[in-house]
Amino acid sequence: MEVVTKTLSTERVFLREMVEDDWVDVHKYASQEIVCRYQPWGPNTLQESKMFVNEVLADASKTPRRRYVFAIINKKDDEMVGAGELHLRDFTNKTGEIGYVVNPDYWGRGIATEAAMLLIDFGFEHFNLHRIYATCDPRNIGSYKVLEKVGMTKEGRIRENLKMKDGWRDSFLYSILKYEWGK
């Protein structure tokens, strides 16, 4: 089920597959405490940012490919401002998961929303997925507002499903079904 990806694009942003040198821009945001406060990773060292990009590149060459990680590029200044991911979780049940992270210098501009829309569209159009879901920390208001803006439905709260540095974290679970997309 190999898909040759094209650039995914809106008027303001485009997503392209990551390249090795992207670790520099990844590190600009992944090394910041504010970016990773709701995540089990980070703040990244230089080595951790390089390892992340190398892992993304290795995953891109696997067959079957399950993970598509894109650099989010702001068209206005041609800067990489974050990353978005579609992970094909279950081929049989046609299920995928999306995630995104944006440099805080670009927060509040709708970039995560546009990236999430592109990722959902990519999953439904290129892989004929039936269901796409996402999780986020209940304290991360910005992230769950993005999921609501793109039309995802809050299914509930998963209790203590993610090990953090300071203990267990709950997650909100959101999803959208193919027939709901584009309504």
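Preceding this paragraph is the structure being described.
Residues numbered from 1 in each chain as written. Predicted model: local features only at pLDDT ≥ 70, side-chain atom pairs only at ≥ 80, totals over all residues. Heavy atoms only, no water.

Colleague: Sorry if this is basic, but what is going on with the pairing of strand E2 (residues 13-17) here?
Modeller: Examined bridge by bridge, strand E1 (residues 8-9) and E2 share two bridges and lie antiparallel to one another. Paired with Ser9 across the strands is Phe14, a residue of E2. What sits between E1 and E2 in their antiparallel hairpin is a turn of three residues. Sheet topology places E2 next to strand E3 (residues 67-74); five bridges connect them, and they run antiparallel. If you follow Val13 over to E3, its bridge partner there is Asn74. (Pairing = 2+ DSSP bridges. Helix = DSSP H or I, 4+ residues; strand = E, 2+ residues; numbered from the N terminus.)

Colleague: Explanation requested: the sheet that holds E2 in the structure shown.
Modeller: Pairing between sheet strands relies on hydrogen bonds along the backbone, with the strands arranged either parallel or antiparallel. An order of E1-E2-E3-E4-E5-E6-E8-E7 is seen for the eight strands of this open sheet, with the pairing classed as mixed. Where the open sheet ends on each side, the last strands, each with one partner, are E1 and strand E7 (153-164). Pairing of strand E6 (residues 131-136) with strand E8 (residues 167-177) involves six bridges; the strand directions are antiparallel. Bridging across to E8, Ile132 finds its partner in Ile176. Contacts between helix H1 (residues 23-30) and the sheet are confined to strand E4 (79-90) and strand E5 (95-102), with E4 contributing the most and set at about 90 degrees to the helix. (Contact = heavy atoms within 4.5 Å. Axes fitted to C-alpha atoms, helices over the stretch in contact; angles between N-to-C directions.)

Colleague: For this particular structure, what's the right way to read the pattern of salt bridges?
Modeller: A side chain of one charge can pair with a side chain of the opposite charge when the charged atoms of the two come close. Inspection of every chain in the model, using the stated rule, returns 13 salt bridges. Between Arg65 and Glu17 there is a salt bridge, with the nearest N and O atoms lying 2.5 Å from each other. Remark: Glu17 occurs in strand E2 and Arg65 occurs in the loop between helix H3 (46-60) and E3; sequence separation between them is 48 residues. Since its relative accessible area comes to 6%, Arg65 is described here as buried. Look at Glu17 and you get partly exposed, because its relative accessible area is 24%. (Salt bridge = Lys/Arg side-chain N within 4 Å of Asp/Glu carboxyl O. Buried < 20%, exposed > 50% of the residue type's maximum accessible area, 1.4 Å probe, protein only.)

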